[in-house]
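What follows is each chain in one-letter form.
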Amino acid sequence: MTSVQRRPSPLPAVLGAMTAMALFLIPGWLPAEFRSRWEWVIAICQGIAAIAAVVYVAWFVRRQRDDYWREREKDPGHPEL
């Protein structure tokens, strides 16, 4: 008998994607004189958002792969066995 696995809520990922999109749009919204003072802060925030997105995508893909092998009743770490 298999147990029902509970999926994590997609809400954090959606909020993170919306935040990242807002961070990439901020420079276009700001006047030039204000943007020049904050360009490094905005660039750092954009870099952090990009790194977080890559980490989340890697986590999501690995979880999908593990679920694929679990459905076939094989060990996700060693599916060839």
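This text follows the structure it describes.
In this text the structure is predicted, and so the values were computed from the model without any measurement.

**Student:** Describe the pattern of salt bridges, naming the residues involved and giving the relevant values.
**Tutor:** Evaluated as defined, the whole model comprises two salt bridges. With its nearest N and O atoms 3.2 Å apart, the salt bridge here joins D66 to R65. Under the relative-accessibility criterion, D66 is labelled buried at 17%. R65 sits in the partly exposed class, given a relative accessible area of 39%. Across the pair D67 and R70 runs a salt bridge whose closest N-O atoms are separated by 3.6 Å. With D67 and R70 both in helix α2 (residues 32-71) and three residues apart, this pair spans about one turn of that helix. Assessed through its relative accessible area of 8%, D67 is described here as buried.

**Student:** Which residues make up the packing of aromatic side chains, and what values go with them?
**Tutor:** Per the stated rule, a full pass over the model turns up three aromatic pairs. Ring geometry for Y56 versus F60: centroids 6.4 Å apart, planes at 25°, classification stacked. Taken together, the positions of Y56 and F60, both in helix α2 and four residues apart, correspond to about one turn of that helix. Residue classification places F60 among the partly exposed residues on the basis of a relative accessible area of 38%.

**Student:** Give a description of the environment of L25 that names residues and reports values.
**Tutor:** Mapped onto the secondary structure, L25 falls in helix α1 (residues 11-29). By relative accessible area, which is 46% here, L25 ends up partly exposed. Taking C-alpha positions, L25 is 9.9 Å from Q46, a pair spaced 21 residues apart along the chain.

Criteria and thresholds
- Note that residues are indexed from 1 along each chain, following the sequence as it is written.
- Where totals are concerned, whole chains, interfaces and linings use all residues; where local detail is concerned, this predicted model gives features only for residues with pLDDT of at least 70, and gives and counts side-chain atom pairs only at 80 or more.
- Based on all heavy atoms of the structure, the side-chain values leave hydrogens and waters out of the count.
- Should a side-chain nitrogen of Lys or Arg be within 4 Å of a carboxyl oxygen of Asp or Glu, the pair is scored as a salt bridge.
- Exposure is judged per residue with a 1.4 Å probe applied to protein chains only, and the accessible area is read against the type maximum: over 50% gives exposed, under 20% gives buried, and values in between give partly exposed.
- Numbering goes from the N terminus for both helices and strands, where a helix is a DSSP run of H or I of at least four residues and a strand is a run of E of at least two.
- Centres within 6.5 Å make a pair out of two Phe, Tyr or Trp rings, where for Trp the six-membered ring is used; the pair is then stacked when the planes are under 30 degrees apart, edge-to-face when over 60, and tilted otherwise.

Scope: geometric values only; no functional claims are made or implied.
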